Amino acid sequence: MGSSYSQNIFRLYIIKCAKWFMLVMPIVVPFYQSNGLSMHDVFFLRAIYSVAIVLLEIPSGYFADVWGRKTTLVAGTVMGAIGFGIYSFSYRFGEFLIAEMVLGVGQSLISGSDSALLYDSLKAEKRESEYLKLEGRVTSIGNFAEAIAGVLGGLLATLSLRYPYYAQTLVAFMGVPAAISLREPPRDDRHVKPGWKDIFQVVNHSLIENKQLRTAILYSSVIGTATLTMAWFVQPFFKEIALPLSMFGVLWTVLNLLAGLVSMIAYKFENALGRRNTVFLILIFITGSYIAISQNMTAWGIAILVVFYFVRGIATPILKNYIIQYTTSANRATVLSVRSFIIRIIFAGVGPFLGWYTDQFSLGSALAIAGMVFFTAGFVVLLPFLQNRIRIKRTNNR
């Protein structure tokens, strides 16, 4: 791409790296536990993070549509750096709580805005048909960044569990200049009527009026919650099988690197399998992995995690693309934020329960329950999709 809008793609790569170069992720559960937190506390903190996102998720997507995606991305990257700065010098649950709320606000400002800006930048170049491929590439870059960070974070943690948080603050700040240098692409503003009434109209259209969009959002939300929840079970599983702490980062790297590589070619799987087969197999493998790991609480469970992350790499860009195809540029960020809103609502509801259940009973039984819950929810949502041949009506040329 030759115009100045093409530079947005590279800057979004930087923002994605700053967001997903998570040095703390391989050791976050041991870090919490070293500060006296239980698994219930861990999931409760993540639930608070989700609630913080929920409070601003849809409004932030709407603000991005009305005020500009660049503005919200700048604010989001700044809040991310502040949140990890707070974490670096925190030792108690209450302090972690404040940090999670700040990070949640920052995440809500970025969520949806980045994908919407990517699509509109491509549209300005008349290359919107390449969105799925580039969304997969952006997703894979995020996974690559998380993978590399896994090794480095694990090595830093062998010196001190707090060192990864110091470094994470600097990494998060890298996204700020990239966001500031973005150029806002032209958008279709014909439907933008600033106000809460318009927000409710977009939500009503997404979840009630447009059945195809509703199915795409709800199904993507169930799968998104399942992958998010598994991410917080991985480290307890590593501890369960007595994996050395130094190996946490290595395996975290391998899993995310795999998901990143697969994301780059996710569209090829859809082309080969067809839409209905693809979405159904995603449900089977994502939820089936929960059940399989619950019955294999040994090193063999790592092989099941490999399958899970492989399918996760396929699911993320494909399911987001289904949503994109039913939206217009005037409300694209808002609709994507509806998806993230639902993911966080579901996680805030099931996460603390699963953490409590793990503490009271066992990790294996908690995984089994999670798998059954996500399969049931996903199948119910997906049933109309499987029963009907959905013809995609591309509305993004309006």
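Treat the numbers as computed from the prediction; the structure is a model and nothing was measured.

S.K.: How should the overall build of the protein be read in this particular structure?
M.R.: Scanning the protein for helices and strands turns up 17 helices and zero strands. Scaling as 2.2 N^0.38, a compact globule of 398 residues should have a C-alpha radius of gyration of about 21 Å, and the protein matches this with 20 Å. Structurally, the protein occupies a C-alpha span of about 55 × 45 × 40 Å along its principal axes. Sorting the 398 residues of the protein into buried and exposed places 58% on the buried side. Within the protein, contacts between residues at least 6 apart in sequence are counted, and of these 85% link residues at least 24 apart. Summing over all exposed atoms, the protein offers an accessible surface of approximately 15,800 Å²; the carbon and sulfur share of this is 66%. Distance between charge centres in the protein, computed from 34 positive and 20 negative side chains, equals 6 Å.

S.K.: What exactly am I supposed to notice about the packing of aromatic side chains here?
M.R.: Working definition: an aromatic ring pair is given by the centre-to-centre distance plus the angle between the planes. As enumerated under the stated definition, the model contains 24 aromatic pairs in all. Ring geometry for Phe89 against Tyr166: centres 5.8 Å apart, planes inclined by 40 degrees, an arrangement best described as tilted. Of this pair, Phe89 sits in the loop between helix H4 (69-88) and helix H5 (93-110) while Tyr166 sits in helix H8 (residues 163-173), and the two are 77 residues apart along the sequence. Residue Phe89 is classed as exposed on the basis of its relative accessible area of 61%. Geometrically, the ring pair formed by Phe353 and Trp356 is tilted, given 6.0 Å between the ring centres and 35 degrees between the ring planes. Of this pair, Phe353 and Trp356 both sit in helix H16 (residues 332-360), three residues apart, roughly one helical turn. Looking at Trp356, the relative accessible area reads 38%, which means it is partly exposed. Looking at Arg46, its charged tip hangs above the ring of Tyr49, at a distance of 4.5 Å from the centre.

S.K.: Just to check I follow, could you spell out the nonpolar core for this structure?
M.R.: For soluble globular proteins, nonpolar side chains are generally found buried alongside one another. Core analysis: the biggest nonpolar cluster contains 102 residues, and Tyr32, Tyr219, Met230, Trp232, Phe233, Phe238 and Tyr290 have the highest contact counts within it. Not counting residues up to four positions away in its chain, the partners in contact with Tyr32 are Leu37, Val42, Leu45, Arg46, Tyr87, Phe96, Glu100 and Trp232. Membership of the second largest hydrophobic core comes to five residues, among which are Phe21, Leu23, Ala145 and Ala149.

S.K.: Before we go on, may I ask you to explain unusual backbone geometry in this structure?
M.R.: Note on backbone geometry: most residues besides glycine have negative phi, and most peptide bonds are trans. One non-glycine residue with positive phi stands out, namely Ala242, at about 60 degrees. With respect to the secondary-structure elements, Ala242 resides in the loop between helix H11 (211-240) and helix H12 (245-264).

Conventions used here
Residues numbered from 1 in each chain as written. Predicted model: local features only at pLDDT ≥ 70, side-chain atom pairs only at ≥ 80, totals over all residues. Heavy atoms only, no water. Helix = DSSP H or I, 4+ residues; strand = E, 2+ residues; numbered from the N terminus. Rg over C-alpha atoms; globule rule 2.2 N^0.38 Å. Buried < 20%, exposed > 50% of the residue type's maximum accessible area, 1.4 Å probe, protein only. Contact = heavy atoms within 4.5 Å. Areas by Shrake-Rupley, 256 points an atom, 1.4 Å probe, with all protein chains shown as cover. Lys, Arg positive; Asp, Glu negative; His and termini not counted. Charge placed at Lys NZ, Arg CZ, Asp CG, Glu CD. Phe/Tyr/Trp six-rings, centres within 6.5 Å; stacked < 30°, edge-to-face > 60°. Lys NZ or Arg CZ within 6 Å of the ring centre and 35° of its normal. Core = buried A, V, L, I, M, F, W, Y, C linked by side-chain atoms within 4.5 Å.

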